[in-house]
Each structure stands twice: as structure tokens, then as C-alpha cells.
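Each chain, letter by letter, is given below.
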Amino acid sequence: MSDLSPKPDVIIVGGGIIGLSAAWQLRRDGIEAVVLDPAPGTGASHAAAGMLAPIHEAYWGEVHILELNLAASHAWPEFAGELGADTVDYRRNGMLMAAHDTDDKALLDNLGDLHEQEGLPVERLRSRDCRAREPLLTPGVRGGVYSPLDHQVNPRRVVAELLNRVPTIPVSATRVSHNRVVADNGQTMACQQVVVAAGAWTGRLLGVPIRPVKGQILRLSGPEGLLALPVRGVVRGSSVYAVPRSDGEIVVGATQEEQGFDTRVTAGGVYELLRDVLSLLPGLSEIDLVETWAGLRPGAPDNAPVIGTGDDGIVYATGHYRNGILTAPITAAAVSALVQGHEPPVNLHPFSPSRFHPDCDPSSGAEQTLSGIPG
Ligand code: FAD
Ligand code: GLY
């Protein structure tokens, strides 16, 4: 066993978008941070579509998550600007949610009531208004909701840019404490503060109930501009989305499957995605299918992220479930604030790692133990 020298201030376990963004933020704040990951950027962040969609990811009963997602959405222009907005294909052309049949329209209307209640800026559209915004939609589309605040980015490009800015060490952590990490090569590495951002694998390292939620996702390739806007469809009660990139790629996703650490792409998964997306956007049937993939979303029991300092003194940054690309900049800022003992940029009480303790009163939220790095 040997110590790494010189000792970094912060070791981050996990090099997905969350760990890398946190490391980049810490380094910009003058704190020496390194990331440990045997295969950085290959987890859920590689699968993700890249919708930055606080509004179209808003659900009844999740208003605290909506608040975090809205704060993240406001942080994106600066975050993307510093990485190079064109380089990461950050686009602010809004998003359209479209209903395939009358029951799907009722479902959208119900979400519209939530948008109204929360004062979110959306436009309810009739069938012909949907097609005016996105001509590729089937003439049978029943109606929709347009949200100018929902944006998009290419997560693979974001991760590539972050990897250019952050040092990584290709090892896996087998044990962690608040100031020490034991790696699978036998090395022990010491630091002032350990941050764990190991996505769906966090529960294997720490006693936090994070589960993997499988998402199968496809990449199509066609002429640039074929699809004008990201479209989320409700098709016979199921959700499907198509997200166009500026180079003609169209990402079609995604299944939601609770079946553990399984990343197999299945005939049924691909069939369902193609069936639903082509019901809504039949014009996509002629373009190339260039990739099938599956990734594991990190989900907590309440589907809210886990961001905060645990009773074990470790800083947690995990459980970002369906919105880890969206929330990366705000999580990064929160992690840096926690490490420095500053006030976080958002209320982290609903996201405390201590909320899973049986004796925790969820209404009060757990007190955050802020760990400052001594200068
Ligand atoms: P990951 O990207 O999974 O990274 C975790 C990393 O930890 C991995 O690189 C892994 O190698 C490493 N690791 C694990 N264990 C260890 C260990 N012991 N030691 C060292 N390293 C370790 N979000 C959005 O905001 N918008 C979207 O459009 C969107 N679409 C999605 C589509 C799909 C199909 C899926 C699956 C997810 C999607 N998400 C989306 C969710 C988003 O991808 C995740 O919330 C986000 O990527 C989580 O990032 P992460 O860094 O926590 O995890
Ligand atoms: N946010 C899209 C997904 O998780 O599939």
C-alpha cells in the first residue's frame, strides 16, 4: 500500500458528467481535485440524450426536483459558454411535447395543469400549431405543449471537454472514507475530502439505496435539419423522445426498466422505441439506424438526487436519475460549496443523504455537516 503524492485536496470517485463537472468547478475555485474512474465517461452520461428539460421532466409530486432543475437550467448558458457552446452543441430552440391519440392528449392536459400551477412558461398547441413548429409530425397528432425553456446539449461532447480539463486516474475505488480511498490496485490515497459520484454503482460503495434504472436508446442519422426541434411524444400512454443534433444525428429514447445491472440491448426495447417514434414522426423511417445502446440511470427511492455531506463525512453527488445532464452545473456548484464550507447555491435539504435513515424526519431535512478544506 502506498500514498499518492502530492496529496490532492479532493478525490472524486466516479468520472461521469457529475464527478467531472464537480472536479472542474472545484479546480476553477482553486481546489486541487482529481477523479478516479477506470472508464470515465462510459456510464449513464454516455447513453444520455442531452435534453435540458426542467419543464418536460416536471411531474406531479416532484416540485422540489422541479426547483433544482429550473436552477440548473439557468446555470447552463454560462456552463456551456465556458466549455464552448458550439463545441458541445448547446442549443436553445425549445422542446415540443406531442400527443398521439385522445388519451395521450388527456395526459398532456393534466401535465398542462401542473405547468399552470407552477407558473411555467409553456404554450398549449392545437394539432396544426404542432405541425407548424415541427412539420415532420404526423398529421394525426392531437395537440401538444411547447416549452421555450427546455434546451439540449450533446453529453458525449460535454464529457470529452471536461476530460480535457480534469485529471483522472484509471482505478476503481473499493473502499472510501471522508479522507481516504482504497483502490483496486491496492493503493491507498489520502486527501482532505472525498466526494462520491459513482452513479448507479454508488450503492456498491456506500450504504445509500441507489438503484440502476436501465434506459435503451437509439441513434439515427439523417440530413441536417430534418427534425427542427426535440420532440417528446406520449404514444398510447408511453413516452418517447427524438432529439436532433446539429450534425444530423437524432437520438431516440428511452426505455425505463427496473432490472438491475443489465445493459443488454433487446429486440423488444428497440422495437418499442421505433414503433412509438415512427407513429409520431413517420418521416424518420427512411434514415439510418447507426447505434443501439443501454445505460443505467442512478435512481434513489424517491427519484430525487442525493447531494450533501453524509453522517460519514463523505460528500455525496449521485442519484441524478433522468436529469443528471441537466443538473450537472448546479450539482458541481453545490459540491464545491459543500467542500469549502460555503452556503450551497440551492436548498439541498430535500436531497440530503441522511434522508434514508429510518429516524430522519423528512419534513425538516437533515442538517448538512459542511466540511471546509483548511487553507
Ligand atoms: P455516470 O455517468 O453513470 O458515471 C458514473 C461513473 O462512476 C462511471 O464512469 C463509472 O465507471 C464510475 N464508477 C462507478 N463505480 C466506481 C468505483 N468504485 N470507482 C471509480 N469509479 C466508479 N439526463 C438528462 O439530464 N437529460 C437527458 O436527456 C437524459 N437522457 C438519458 C437517457 C438515458 C438512456 C439514460 C440512461 C440516462 C439519461 N439521463 C439524462 C440521465 C443522465 O444520463 C444521468 O443522470 C447522468 O449521466 C448521471 O451521471 P453520473 O456522473 O452520476 O453517472
Ligand atoms: N431524461 C431522459 C431519460 O432519462 O431517458
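It should be noted that the structure appears before, not after, this text.
Everything numeric in this text was worked out from a predicted model, so none of it was measured.

**Observations regarding the packing of helix α3 (residues 63–83) against helix α9 (residues 324–340)**
Argument step 1. For the pair α3 and α9, interaxial distance at closest approach is 7 Å and the crossing angle is 75°. As judged from the angle between their axes, α3 and α9 are roughly perpendicular. On α9, the residues that touch Leu 68, Asn 69, Ala 71, Ala 72, Ser 73, Ala 75, Trp 76 and Phe 79 of α3 are Ile 325, Leu 326, Thr 327, Pro 329 and Ile 330.
Argument step 2. Residue composition of the contact of α3 with α9, grouped by class: 10 nonpolar, 3 polar and no charged.

**Here's the deal with the site of ligand 1**
Argument step 1. Surveying the vicinity of ligand 1 reveals 40 residues, the closest of which are Asp 37, Ser 45, Met 51, Tyr 321 and Arg 322.
Argument step 2. One nitrogen or oxygen atom from the main chain of Leu 326 is found 2.9 Å from an oxygen atom belonging to ligand 1.
Argument step 3. A total of 1000 Å² of accessible area belongs to ligand 1 in isolation, and the protein chains cover 96% of it.
Argument step 4. Secondary structure elements with two or more residues in the shell around ligand 1: α1 (17–28), α2 (44–47), β13 (211–221), β17 (288–299) and α9.

**Quick notes on the pairing of strand β15 (residues 238–244)**
Argument step 1. Counting buried positions over the 7 residues of β15 gives 5, a clear majority of the element.
Argument step 2. Here strand β14 (residues 231–235) pairs with β15 via 5 bridges, running antiparallel. Looking at β15, one finds that Arg 232 is bridged to Tyr 241.
Argument step 3. Taking the residues that link successive antiparallel strands as the turn, the β14-β15 hairpin has 2 residues, and the phi of Arg 236 there is positive, at about 45°.
Argument step 4. Sheet analysis places β15 next to strand β16 (residues 249–253), joined by 4 bridges and oriented antiparallel. Bridge assignment links Pro 244 to a residue of β16, and that residue is Ile 250.
Argument step 5. Once β15 ends, the chain turns through 4 residues before running back antiparallel as β16, passing Gly 248 with a positive phi of about 100°.

**Quick notes on the sheet that holds strand β4 (residues 95–99)**
Argument step 1. Spatially, β5-β6-β4-β14-β15-β16-β13-β17 is the arrangement adopted by the 8 strands of the open sheet, whose pairing is mixed. For this open sheet the edge positions go to β5 (123–125) and β17, each flanked by a neighbour on one side alone. Strand-to-strand, the axes of this sheet are offset by a mean angle of 20°, without reference to chain direction.
Argument step 2. As defined by bridge partners, β13 adjoins β16 across 5 bridges and the pair is classed as antiparallel.

**Details of the site of ligand 2**
Argument step 1. In the region of ligand 2, the neighbouring residues are Met 51, Glu 57, Tyr 241, Ala 254, Arg 297 and Arg 322.
Argument step 2. At a separation of 2.7 Å, an oxygen atom of ligand 2 approaches a polar side-chain atom of Tyr 241.
Argument step 3. Arg 322 has a polar backbone atom sitting 2.8 Å from a nitrogen atom of ligand 2.
Argument step 4. Coverage of ligand 2 by the protein chains reaches 88% of its 200 Å² of free accessible surface.
Argument step 5. Its residues placed into classes, the shell around ligand 2 shows 3 nonpolar, no polar and 3 charged.

**Section: the packing of α1 against α3**
Helix packing geometry: the angle between the two helix axes and the distance between the axes.
Argument step 1. At a minimum axis distance of 13 Å, the contact between α1 and α3 shows a crossing angle of 80°. Here α3 runs roughly perpendicular to α1, going by the angle between their axes. Between α1 and α3, the contacting residues are Ser 21, Trp 24 and Arg 28 on the first element and Phe 79, Glu 82 and Leu 83 on the second.
Argument step 2. Considering only residue class, the contact of α1 with α3 consists of 3 nonpolar, 1 polar and 2 charged.

**Here's the deal with unusual backbone geometry**
Glycine aside, a negative phi is what most residues show, and trans is what most peptide bonds show.
Argument step 1. For the bond running from Gly 253 to Ala 254, omega is -25°, close enough to zero to count as cis.
Argument step 2. Considering the arrangement of structural elements, one finds Ala 254 in the loop between β16 and α8 (267–280).
Argument step 3. A positive phi angle, near 45°, is found at Arg 236, a position not held by glycine.
Argument step 4. Position of Arg 236 relative to the elements: it lies in the loop between β14 and β15.
Argument step 5. Given a relative accessible area of 45%, Arg 236 falls into the partly exposed group.
Argument step 6. One non-glycine residue, Asn 303, lies in positive phi territory at about 60°.
Argument step 7. By the secondary structure assignment, Asn 303 is in the loop between β17 and β18 (306–309).
Argument step 8. Here Asn 303 falls in the partly exposed class, since its relative accessible area comes to 22%.

**As for α8**
Argument step 1. Taking 1.5 Å of rise per residue, the 14 residues of α8 would be expected to cover 20 Å, and the 20 Å separating its terminal C-alpha atoms lies within 8% of that figure.
Argument step 2. All of the buried residues in α8 are Gly 269, Val 270, Leu 273, Asp 276, Val 277, Ser 279 and Leu 280.
Argument step 3. Next to the buried residues of α8 lie β4, β13, β14, β15, β16 and β17.

**Details of the sheet that holds strand β10 (residues 180–183)**
Argument step 1. With antiparallel pairing, the 3 strands of this open sheet are ordered in space as β9-β10-β11. Edge strands, defined here as strands with exactly one partner in the open sheet, are β9 (173–177) and β11 (188–190). The mean angle between the axes of side-by-side strands here comes to 15°, regardless of whether they run parallel or antiparallel.
Argument step 2. Sheet topology note: the β10/β11 ladder contains 3 bridges and is antiparallel. Bridge pairing in β11 links Val 182 to Thr 188.

**Some points on α1**
Argument step 1. Under the 1.5 Å per step criterion, the end-to-end length of α1 is 16 Å for 12 residues, consistent within 8% with the ideal 16 Å.
Argument step 2. Counting buried positions along α1 yields 10 of 12 residues, so the element is predominantly enclosed.
Argument step 3. Among all positions in α1, only Ile 17, Ile 18, Gly 19, Leu 20, Ser 21, Ala 22, Ala 23, Trp 24, Gln 25 and Leu 26 are buried.
Argument step 4. Once α1 ends, the next one or two residues include Gly 30, with phi positive near 85°.

Cut-offs used in this document
- Here the residue numbers are simple positions, counted from 1 along each chain's written sequence.
- All chains are assigned letters beginning at A, and all ligands numbers beginning at 1, according to the order in which they are written.
- Residues qualify for local features only when their pLDDT is at least 70, as the model is predicted, and side-chain atom pairs are given and counted only at 80 or more; totals for whole chains, interfaces and linings, by contrast, use all residues.
- In computing side-chain values, all of the structure's heavy atoms are included and hydrogens and water are not.
- Note on geometry: axes are lines fitted to C-alpha atoms, helical ones only across the stretch in contact, with angles between N-to-C directions running from 0 to 180 degrees.
- To qualify as a helix, a DSSP run of H or I must reach at least 4 residues; to qualify as a strand, a run of E must reach at least 2; elements of each kind are numbered from the N terminus.
- Should an angle fall under 35 degrees it is called roughly parallel, over 145 degrees roughly antiparallel, and 65 to 115 degrees roughly perpendicular, with every other angle called oblique.
- Contacts are assigned to residue pairs that have any heavy atoms within 4.5 Å of one another.
- Residues are grouped as follows: nonpolar covers Ala, Val, Leu, Ile, Met, Phe, Trp, Tyr, Cys and Pro; charged covers Asp, Glu, Lys and Arg; every other residue, Gly included, is treated as polar.
- Neighbouring residues are identified by heavy atoms, a residue being near a molecule or strand if any of them is within 4 Å of it.
- Here a polar contact is recorded for every N or O atom pair within 3.5 Å, except that within protein the pair must consist of a potential hydrogen donor and a potential acceptor, and residues adjacent in sequence are included only if both atoms are side-chain atoms.
- Shrake-Rupley sampling with a 1.4 Å probe provides the accessible areas, and residues are treated as covered by the protein chains on show and by no other component.
- We call a residue buried when its accessible area falls under 20% of the maximum for its residue type, exposed when it is over 50%, and partly exposed in between, using a 1.4 Å probe and counting protein chains only.
- Strands are treated as partners if at least two bridges between them are detected by DSSP.
- For a helix, the expected span equals 1.5 Å multiplied by the residue count minus one.

No statement about biological role is implied by the geometric values presented.
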